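# Close look at the chain arrangement
This is what each chain is made of:
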Amino acid sequence: MRNSLRCLMSLLAIGLLGLLGGCGPRPPKPVVQQALAYQISHPAGAVASLVGGDRLAARLEVQDVQIRQDRREPLLLASGEKLEGHHLSGTYTLIVKPPGSRRPYRRQGNPFRLTLAHQKAQSSPSPEEAEPKTLPERWLLAHPSPNAKTWEVIDFFPQPAPLPELPLAEADASTQRGSWVAP
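Residues numbered from 1 in each chain as written. Predicted model: local features only at pLDDT ≥ 70, side-chain atom pairs only at ≥ 80, totals over all residues. Heavy atoms only, no water.

## Quick word on the overall build of the protein
For clarity, the cut-off: Think of it this way: any DSSP run of H or I at least four residues long counts as a helix, any run of E at least two long counts as a strand, and we number them from the N terminus. Only protein chains enter the calculation, and the probe is 1.4 Å; a residue is then buried if its accessible area is under 20% of its type maximum, exposed if over 50%, and partly exposed in between. Methods summary: accessible areas were calculated by the Shrake-Rupley approach with a probe of 1.4 Å, and residue burial reflects only the protein chains presented.
For the protein, the helix and strand inventory stands at five helices and seven strands. Counted from the first residue to the last, the protein has its helices and strands arranged as α-α-α-α-β-β-β-β-β-β-β-α. In the protein, buried positions account for 23% of the 183 residues. By element, 58% of the accessible surface of the protein is carried by carbon and sulfur atoms, the whole surface being about 13700 Å².

Set out below in structure tokens:
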């Protein structure tokens, strides 16, 4: 009885450690959607010169991403840096809007496999500035390099667009409308 209880507790502890080993940030679905859209709209090889990646990207949309597997392992980049890698597989829905057509083409249940590298937010001391510079968290699309020993990454995720600058006259008028001036 006592041995079976110990065995059960050991198995439970091993299972718990396995679950905790898988903890950590999982790629957000919008990141996976953007990575898939980038991968589809920027084909490799000779096809890349025939298809305009930016034009194709404007006509397709990836939806309903279902991640079935997230296998993690460290990735050694060609630069020598090590990042956490996520080998993802699952399904998605592709919507393509052909030029000159009002009806989009929709295909559900497309399988996918891709690898994302996770670069955690970090502070880097800047020699010219007194304060350290904080680099934000980033997700990068990874693919094996030709030597198959290291990985190359692509920064596919669009950065937020900067706010448009207002001309000085418009900026002054907008601040005066909403401000109260004491007599």
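Once the structure has been displayed, the description carries forward.
## What to know about the environment of Gly90
Basically, it comes down to this: What makes two residues a contact is simply this: any of their non-hydrogen atoms within 4.5 Å.
Turning to its location among the elements, Gly90 is positioned in strand 2 (residues 82-96). A sequence separation of 20 residues divides Gly90 from Asp70, and the C-alpha atoms of the two residues are 9.1 Å apart. Residues within four places of Gly90 in sequence aside, it is in contact with Gln66, Arg68, Asn110, Pro111 and Phe112.

## What to know about the sheet that holds strand 6 (residues 138-144)
The criterion, for reference: Strand pairing is assigned whenever DSSP detects at least two bridges linking the two strands. In this description, a line fitted to the C-alpha atoms serves as the axis of each element, helices being fitted only across the stretch in contact, and the angle between N-to-C directions of two axes falls anywhere from 0 to 180 degrees.
As summarised here, the arrangement of the five strands in space is 1-2-3-6-7, forming an open sheet in which the pairing is antiparallel. At either end of the open sheet lies a strand with only one pairing partner, and these are strand 1 (60-76) and strand 7 (151-154). The average undirected angle you get between the axes of adjacent strands in this sheet is 40°. With five bridges connecting them, strand 3 (residues 105-119) and strand 6 associate as antiparallel partners. The partner of Leu116 across the bridge, within strand 6, is Leu141. Against the sheet, helix 2 (residues 29-41) makes contact with strand 1, strand 2, strand 3, strand 6 and strand 7, and its axis sits at roughly 100° relative to strand 1, the strand it touches most.

## Considering the environment of Tyr38
When you line up the elements, Tyr38 lands in helix 2. Through-space distance from the C-alpha of Tyr38 to that of Ile154 is 9.8 Å; in sequence the pair is 116 residues apart. Apart from the residues lying within four places of it in its own chain, the contact partners of Tyr38 are Leu141, Ile154 and Phe156.

## With respect to the nonpolar core
Spelled out, the test is: Throughout, nonpolar core names a set of buried Ala, Val, Leu, Ile, Met, Phe, Trp, Tyr and Cys residues whose side chains join them through atoms within 4.5 Å.
One finds Val32, Leu36, Val62, Val65, Phe112, Leu114 and Leu116 to be the most contacted residues of the largest nonpolar core, which totals 18 residues. Looking at this core, the elements with two or more residues in it are helix 2, strand 1, strand 2, strand 3 and strand 6. For this core, the element with the highest residue contribution is helix 2, accounting for five residues. Counting seven residues, the second-largest nonpolar core is a separate cluster that includes Leu77, Leu83, Ala117 and Trp151.

## Some thoughts on helix 2
Worth spelling out the cut-off: Each residue after the first adds 1.5 Å to the expected span of a helix.
A rise of 1.5 Å per residue sets the reference length of helix 2, with its 13 residues, at 18 Å; its end C-alpha atoms lie 18 Å apart and thus fit the reference within 8%. Of the positions making up helix 2, those classed as buried are Val31, Val32, Ala35, Leu36, Ala37 and Ser41.

## Points about unusual backbone geometry
Unlike most non-glycine residues, Asp64 shows phi in positive territory, near 50°. In this structure, Asp64 sits in strand 1. By relative accessible area, Asp64 is classed as partly exposed at 42%.

## Overview of the environment of Lys149
As for its position among the elements, Lys149 is in the loop between strand 6 and strand 7. Under the relative-accessibility criterion, Lys149 is labelled exposed at 70%. Taking C-alpha positions, Lys149 is 9.5 Å from Leu75, a pair spaced 74 residues apart along the chain.

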